[in-house]
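Structural overview
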Amino acid sequence: MEAVKGFINWISDPRWLFLLSVILFFFMFRLRVLWTVKFGIVALIASLAFFGLSMLDKNFRIISTTPDNVPIVGLIFLMAFFTWLSLKQAFDNDDRLRIGQPPKERTERFEKVMVWPDLVYTEFIATVLLGAVLVIWSIVLKAPLEQPSNPTFSPPVMKAPWYFLGLQEMLVYYDPWLAGVVLPGLIIVGLMAIPYIDRNPRGSGYYTFAERKYEIMVFMFGFMILWLLLIVIGTFLRGPNWNFFGPYETWDVAKVTPMVNVNLSEYIWVKILGVGLPNQWFGAKYMGILLRELFGFILVIGYFTALPPVLANRSRLFNGFYKTLGGARYHVMMFLLLAMMTLPIKMILRWTIDLKYIVSIPEWFFNI
Amino acid sequence: MSKIKDFQEYVSKSQVWRSIFRVGVPTTDRKRALAVLGNVFLHLHPVKVRTSGIRLKYTWCMGGISFFLFLVLSLTGLLLMFYYRPTGEYAYPDIVDLGEQVSLGLMRELHRWAAHLMVITVWLHMFRVFMTGSYKPPREFNWGVGVLLLIFTLLLSFTGYLLPWDQLAIWAITVGGNMARATPFAGYEGPGASLLSIGDIRLVHAGDDARFALLGGRFVGTNALLRFYVLHCVGIPIVAGALMAVHFWRVRKDGGISGPL
Ligand code: HEM
C-alpha cells in the first residue's frame, strides 16, 4: 500500500503528470474501445474504487473534502463523463459515416415535436432534480469561512479562486504580465476567433471526430491539458508557497525547493561564451541590455515570424492548412497556436535545462 | 377518486383560477401551441422543435442548466442582500450571522455551491457546443456572445469571492489583483509603464495604475470591498442578463438548436 502511494505521489509531480496526460491524451483518440458503454462502466467503477480507497488516506481525505475543493472533484468526474459521452457519439457517428450512413442526429432531423410537453417537461424535471441536488449539497456541506481578514498576516497557502488556478500555475513559468494579462486576453480572443478560423463546413450539428480531427484535438488539448489539468494541479497538488505535494503527502509549511533557474542570456554569455553579461562590459543602459538579450529576442521573434511560413512550405500538414485557410486566416491561427504552445515549451525547458526566462529584462519588467 | 376529481374541477372552474390561467392544461396540439406562444416565459421557445435538437444526449441540457443556476443565484443573492452590509466593520460578522442566526440559513450555501457549479456547467456547455460543431455558420456570432457570457460568469464569481471578507477572500483577491499590477503600460510593474513618464515624473505609478482602478487602493481594503459588491450585485448581473437575452434570441434566430443539414 505504502509503495503504491509513494508511486502515485511520485507520478503526480507536475512534470510526470503533465507528460503522462499528454501521452494519454494523444493515445485516447486511437483507442476505439475506450468509447464504448462497456469501457465506460469499467472506467467508472475503477475510478470510484480508486477514489474510495484513497479516501482511507488522511491527507487525501483532507484535500478532497475541503468544501471548496468538492466541486473540483465533481468537475473531474463530470469532465471524464462528458468527454466519454461526446467522443462515444463521435466515434459511433464516424462508423456510420464510413459505411455511407448519415450521422445519428440526422435520422431525427426532420421530425418535430411540440415544445409542450416534450421540452417543457424535460426542463421542469431537470429543474426539480438540480434544485434537490443543490439543497442536499447545501445541507451536507457548510460554506467555509476562515478567520476575519487581516491585511498584515498573509497565510502560507495563497490561492486564487479555483477557476483561475490555471493562470496561477502559469505564474511558475511566466511573468505576471504574460500569465495574468496577455495570455488570458489571447485565450478570449482565440476562443472568439474559432468560428472565423475554422472554415471546415463538415461536422456542423453532430458529433464526429473523423471529419474535424485537428480542430477537436487542438481545442481539447487547450481545454483539458492546459486549462483543466493545471487547475487540478493547482488545487490538489500545490501547497504552501506553491510547492508541490503528492495527493497522499502532508502539506509541510517548511518545505523548501531550491531555485536554480538560469536565464538564456546567462547560458549563452556566461556559460557558453564565457565573456560575462554584456551589460557589465558594454554599458548598463539600453545597448548593453539589448545586446545581452539579443539571442532571446531572435528566438522569440523567429518563433512567431519564421515558423509559420517555414511550416507552410515544408510541412505537408501545415501546407494543407495554408491552402484551405488562405494567408490571413492561416497566420492568425498560427499566431494563436504558437502562443498556446509556448506554455508546454516553457514547461519542458524549465524541467530539462532549468531555463527561467528566454528574454529577461527585469529593469523594464519585461521577461518572457 | 371522484371526490378529488370534483375538487379539481371546482378549483379549475373558480374565478380566481381562471383569472390567472387563461386556458387549462393544454390537451390538443393547438392548445399546446397557444400555451407556449401565449406565455411570457415559455415564448422564449418556438412552438415546435426538432427531435434531434432536444435529445439529452445531444445538448446535455447544459445551457439550460447554466441559465437555471443563474436564476437560483439571482434569487439567493437577493435574499443574502437583506442581511449583508459591504463594509469592513459589518461584512464578516454579517456572514457569521447568516450561518448562525438566520433561521433556515442555507442561502449562503446555496449561493456558493450554485456559483461553483455554474462555472462548471458553463464550461461543459461550451465543450458540448464545440464538440457538435455548433459554432459554425450561422452561429459564429452567438459563440462570441457565449464567450462574453463565460467571462462575465467568471467575473461574477470572482467579485463574489471577496465578499465574505475572511482571510481566504482577501488573499485570493490579492493574488488576482496583483496580476493587474503587471498589465503592460497600465500597471506600474508592467512592461512599458516606465516609458510613460514626463522627465522624471512617472505617469503610471502604484497610486493610479490598473490595480488601483480595480481595487480602489494599493491593496485589498474596504474600497475594494465596496467596488466588488456593487459590481457583483448590480453591474455584472445586468450585463450578463442582457447578454443572455441576446444569446437566447440568437439561438432561435439562427434556426434553433443546431443539427446536421
Ligand atoms: C451564462 C452562460 C450561458 C448560458 C446561460 C447559455 C445558455 C444557452 C442555452 C439555453 C442554449 C440552448 C441550447 C443548449 O442548452 O445547449 C445555448 C446555446 C448556445 N450557446 Fe450558450 N449559454 C451560455 C454560455 C455559452 C458559452 C460560454 C458559449 C461558447 C463559448 C455558448 C455558445 C452557445 C452556442 C453557439 C449555442 C447554440 C448551440 C446550438 O444551436 O446547438 N454559450 N446557450
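Since we're looking at a predicted model, the values are computed, not measured. (Residues numbered from 1 in each chain as written. Chains lettered and ligands numbered in written order. Predicted model: local features only at pLDDT ≥ 70, side-chain atom pairs only at ≥ 80, totals over all residues. Heavy atoms only, no water.)

1. Side note on a nonpolar patch on the surface
Residue and element names in this part refer to chain A. Together, Ile 272, Leu 273, Val 275, Trp 281, Phe 282, Tyr 286, Met 287, Leu 290, Leu 294, Phe 295 and Ile 298 make up an exposed nonpolar region whose accessible area comes to about 1100 Å². Elements represented by at least two residues in the nonpolar patch include exactly α13 (286–292) and α14 (294–305). Within the secondary structure, Ile 272 sits in helix α11 (residues 264–272). Since its relative accessible area comes to 63%, Ile 272 is described here as exposed. (Patch = residues over 30% accessible without salt bridge, like charges linked within 9 Å, V, L, I, M, F, W, Y side chains within 5 Å. Areas by Shrake-Rupley, 256 points an atom, 1.4 Å probe, with all protein chains shown as cover. Salt bridge = Lys/Arg side-chain N within 4 Å of Asp/Glu carboxyl O. Helix = DSSP H or I, 4+ residues; strand = E, 2+ residues; numbered from the N terminus. Buried < 20%, exposed > 50% of the residue type's maximum accessible area, 1.4 Å probe, protein only.)

2. Examining the packing of aromatic side chains
If you walk through the whole model with that rule in mind, you get 48 aromatic pairs over all chains. Both rings, one in Phe25(A) and one in Phe29(A), keep their centres 5.2 Å apart while their planes meet at 85°; by these two values the pair is edge-to-face. Aromatic pair Tyr286(A) and Trp364(A): ring centres 5.8 Å apart, planes at 40°, arrangement tilted. Of this pair, Tyr286(A) sits in helix α13 while Trp364(A) sits in the loop between β2 (360–361) and β3 (366–367); the two residues are 78 residues apart in sequence, bridging distant segments of the chain. According to the relative accessible area criterion, Trp364(A) is partly exposed, its value standing at 27%. Among the aromatic residues, those joined into a ring-pair cluster are Phe81(A), Phe82(A), Trp84(A), Tyr207(A), Phe219(A), Phe223(A), Tyr58(B), Trp60(B), Phe127(B), Phe130(B), Tyr135(B) and Trp143(B). (Phe/Tyr/Trp six-rings, centres within 6.5 Å; stacked < 30°, edge-to-face > 60°.)

3. Overview of the site of the ligand
Residues and elements named next belong to chain B. Close contacts around the ligand come from 26 residues, with His 125, Arg 128, Gly 146, His 247 and Ser 258 the closest. The backbone of Gly 63 places a nitrogen or oxygen atom 3.4 Å from an oxygen atom of the ligand. Side-chain polar atom of His 247 to a nitrogen atom of the ligand: 2.8 Å apart, as the coordinates give it. Listing elements by their share of the shell around the ligand, those giving two or more residues are α5 (62–83), α7 (107–131), α8 (140–162) and α11 (222–253). Broken down by class, the residue content of the shell around the ligand amounts to 13 nonpolar, 11 polar and two charged. (Near = heavy atom within 4 Å. Polar contact = N/O pair within 3.5 Å; in protein donor to acceptor, adjacent residues only side chain to side chain. Nonpolar A, V, L, I, M, F, W, Y, C, P; charged D, E, K, R; others polar.)

4. Focus: the interface of chain B and chain A
Across the boundary between the two partners, chain B contributes 89 residues, which contact 96 residues of chain A. Remark: the boundary between chain B and chain A carries five salt bridges. Taken together, chain B and chain A are joined by 37 residue pairs in polar contact (both at pLDDT 80 or more). Among the secondary structure elements, those contributing two or more residues to the side of chain B that touches chain A are α3 (29–37), β1 (48–50), α4 (56–59), α5, α6 (91–100), α7, α8 and α9 (167–180) of chain B. Among the elements that take part in the side of chain B that touches chain A, α7(B) stands out by supplying 17 residues, more than any other. Looking at side-chain class alone, the side of chain B that touches chain A contains 60 nonpolar, 15 polar and 14 charged residues. Pairing between strand β1 (residues 112–114) of chain A and β1(B): three bridges, direction antiparallel. By the bridge assignment for β1(B), Met114(A) is matched with Lys48(B). (Contact = heavy atoms within 4.5 Å. Pairing = 2+ DSSP bridges.)

5. Quick word on α7(B)
Residues and elements named next belong to chain B. For α7, spanning 25 residues, the distance from its first C-alpha to its last is 35 Å, which sits close to the expected 36 Å at 1.5 Å a residue. Of all 25 residues that make up α7, 23 are buried, and the element is covered over most of its length. Note on α7: the residue one or two positions beyond its end, Gly 133, has a positive phi of about 60°. (Expected span 1.5 Å × (residues − 1).)

6. Some words on the environment of Leu229(A)
Locating Leu229(A) in the fold gives a position in helix α10 (residues 213–237). Excluding anything up to four places from it in sequence, Leu229(A) contacts Leu17(A), Phe18(A), Ser21(A) and Met224(A).

7. A word on the coordination of the iron atom of the ligand
All names here are of chain B. Looking at the metal site, the iron atom of the ligand is ligated by His 125 (NE2) and His 247 (NE2), spaced 2.0 to 2.1 Å from it. Given six donor atoms and angles of 86 to 179° at the metal, the environment of the iron atom of the ligand is assigned as octahedral. Residue His 125 is found in helix α7, and its partner His 247 is found in helix α11; the two are separated by 122 residues along the sequence. (Donors = N, O, S within 2.8 Å, 3.2 Å for Na, K, Ca; no water. Tetrahedral: all angles 85-135°; square planar, octahedral: opposite > 155°, others 65-115°.)

8. Points about the domain arrangement of chain A
Residue and element names in this part refer to chain A. The assigned domain composition of chain A is domain 1 (2–143 + 206–242) and domain 2 (264–367). If you average the C-alpha positions of domain 1 and of domain 2, the two centres end up 35 Å apart. Every contact between the two is made by nine residues of domain 1 and, on the other side, nine residues of domain 2. Here domain 1 is connected to domain 2 by zero salt bridges. Linking domain 1 with domain 2 are zero residue pairs in polar contact (both at pLDDT 80 or more). For the side of domain 1 that touches domain 2, the secondary-structure elements that each account for two or more residues are α2 (14–28) and α10. In terms of residue class, the side of domain 1 that touches domain 2 is made up of seven nonpolar, one polar and one charged. (Domains from an automatic or database assignment.)

9. Let's talk about the side chain of Lys159(A)
When you line up the elements, Lys159(A) lands in the loop between α7 (115–140) and α8 (165–170). Buried within the structure, Lys159(A) lacks any salt-bridge partner; Glu169(A) is the closest side chain of opposite charge, at an N-O distance of 8.5 Å. In this structure the side chain of Lys159(A) is engaged in a polar contact, spanning 2.7 Å, whose partner is the backbone oxygen of Gly234(A). Among the polar contacts listed, one links the side chain of Lys159(A) to the backbone oxygen of Thr235(A), at a separation of 3.1 Å. Apart from the residues lying within four places of it in its own chain, the contact partners of Lys159(A) are Leu165(A), Gln168(A), Gly234(A), Thr235(A), Arg238(A), Trp242(A), Trp251(A) and Ala172(B). (Lys, Arg positive; Asp, Glu negative; His and termini not counted.)

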